[in-house]
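So you can see what is in the structure, the chains are spelled out below.
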Amino acid sequence: REIPVVDMGLLREGGEAGRKEFVQKVGAALEEIGFFALEGHGVSAEAIDEAYAQGQEFFRRSAEEKAKFAASANGGQRGYTPFGNEHAKDSAQPDLKEFWQTGPSNVPKDHPLANFYPENVWPDEIQPGFRPAIDGMYSTLEGLAIELLGCASEYLGQPREWLPNMAVQGNTILRVLHYPPCADAPAGAVRAAAHEDINLITLLVSGTADGLQVKDRNGEWFSVKGNKKQIIVDSGDMLQNITNGIFRSTTHRVINPAEGDADVSRYSMPLFAHPRPEVDLTPLPALVERSGGVVRYPSITSHEYLHQRLVEIGLIKPDSEK
């Protein structure tokens, strides 16, 4: 089994007919399986390579050096999170990964959210090339995510700006992931246990090695092969919530490599497109009607949902301030 492949050339070069076809393919993929591979996205291979090179350079540093940029004070939302700190929801074993996260850098200082979002952390003194490569990738992928959210809105019969307006200056995060060699991993530990993403949509720049698997509606796992020309897109829990389940938040995982490849690192770079904290994720009445008339998901704000998940995956304590 393979996830659908959608070419963005339809949207950018196909005129009105191309746009309609693109919208239909994107919406159908998110409704049927919650995943698709995007081609013709326009993100340069050079920019992707540079972002990965900067990530690899940082993760090669000593634990003591990386710890200077620890994200422990902000629930792992900005800066460095060490190996073994995060686990999937409902999983007792920590994932076999370390990562760096960065958020929006374009929120004006006088904006109400300026004091709400944690400040970005950058290793400028020891690695001056890191910020421009990672922040540049953030901006590029965020713009692409907002464009795709507009297409998702159209598919649902809503104004094109419906979902994008939620994500403008949202709490979107770019995560640079390192899965170290795992030949000596504890029994039952995996690179990323089965989980769903919490956000609206995720844009995943293809990993440097295979391992991503998706669970289909029959409960069967299938592999998503890496392809540097594609960006993998999936819908998250927040999008599932507000659409009353029309768009699916699909379970996925990153499995450990075969024995002969267990001594090789894997790198990955997802952008998690989030709404602003105050956005109400209550299922839209028109979409409740479209999906059978029964409300299947709760009324909750984006911030409440994110706080709940950060507790569930072990990045903040249950009694931490909301």
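Residues numbered from 1 in each chain as written. Predicted model: local features only at pLDDT ≥ 70, side-chain atom pairs only at ≥ 80, totals over all residues. Heavy atoms only, no water.

Participant: What exactly am I supposed to notice about the pairing of strand β7 (residues 201–205) here?
Facilitator: Strand residues, when the strand is regular, have side chains that alternate between the two faces of the sheet. Of all the five residues making up β7, five are buried; the element is thus mostly covered by neighbouring parts of the structure. Strand direction decides the pairing type here: β7 and strand β12 (residues 266–273), joined by five bridges, are antiparallel. Considered in β12, the bridge of Thr 202 is made with Phe 272. (Buried < 20%, exposed > 50% of the residue type's maximum accessible area, 1.4 Å probe, protein only. Helix = DSSP H or I, 4+ residues; strand = E, 2+ residues; numbered from the N terminus. Pairing = 2+ DSSP bridges.)

Participant: Hey, could you run me through the sheet that holds strand β11 (residues 252–254) in this one?
Facilitator: Within a sheet, each strand pairs with its neighbour through backbone hydrogen bonds, oriented either parallel or antiparallel. Strand order in the open sheet formed by four strands is β6-β11-β8-β9, with antiparallel pairing between adjacent strands. Of all strands in the sheet, those with a lone pairing partner are β6 (192–195) and β9 (221–223), marking the two edges. Taken over all neighbouring pairs, the strand axes of this sheet differ in orientation by 20 degrees on average, direction set aside. Relative to β9, strand β8 (residues 212–215) runs antiparallel, the two being bridged by three bridges. Each bridged residue has a counterpart across the sheet, and for Val 214 the counterpart in β9 is Phe 222. (Axes fitted to C-alpha atoms, helices over the stretch in contact; angles between N-to-C directions.)

Participant: Explain the sheet that holds strand β10 (residues 231–235) here, please?
Facilitator: With mixed pairing, the eight strands of this open sheet are ordered in space as β1-β2-β10-β7-β12-β5-β4-β3. Of all strands in the sheet, those with a lone pairing partner are β1 (5–7) and β3 (79–81), marking the two edges. Averaged over all neighbouring strand pairs, the angle between strand axes comes to 25 degrees, with direction disregarded. With four bridges connecting them, strand β2 (residues 35–39) and β10 associate as antiparallel partners. Within β10, the position partnered with Leu 38 by the bridge is Ile 231. Where helix α3 (residues 45–59) meets the sheet, it contacts β3, β4 (98–102), β5 (173–179), β7 and β12, and its direction lies at approximately 115 degrees from that of β12. The sheet strands contacting helix α5 (residues 130–155) are β2, β4, β5, β7, β10 and β12, and the helix crosses β7 at an angle near 135 degrees. (Contact = heavy atoms within 4.5 Å.)

Participant: It is not clear to me how the pattern of salt bridges should be interpreted in this structure. Could you clarify?
Facilitator: Evaluation of the coordinates by the stated rule reveals 13 salt bridges. For Asp 124, the salt bridge is made with Arg 131, and the minimal N-O distance between the two is 2.5 Å. Put simply, Glu 278 and Arg 276 hold a salt bridge, and the shortest N to O gap is 2.9 Å. The class of Glu 278 is partly exposed, set by a relative accessible area of 49%. The class for Arg 276 is buried, based on a relative accessible area of 18%. A cluster of three or more residues bridged by salt bridges with shared partners is formed by Arg 19, Glu 154 and Arg 160. (Salt bridge = Lys/Arg side-chain N within 4 Å of Asp/Glu carboxyl O.)

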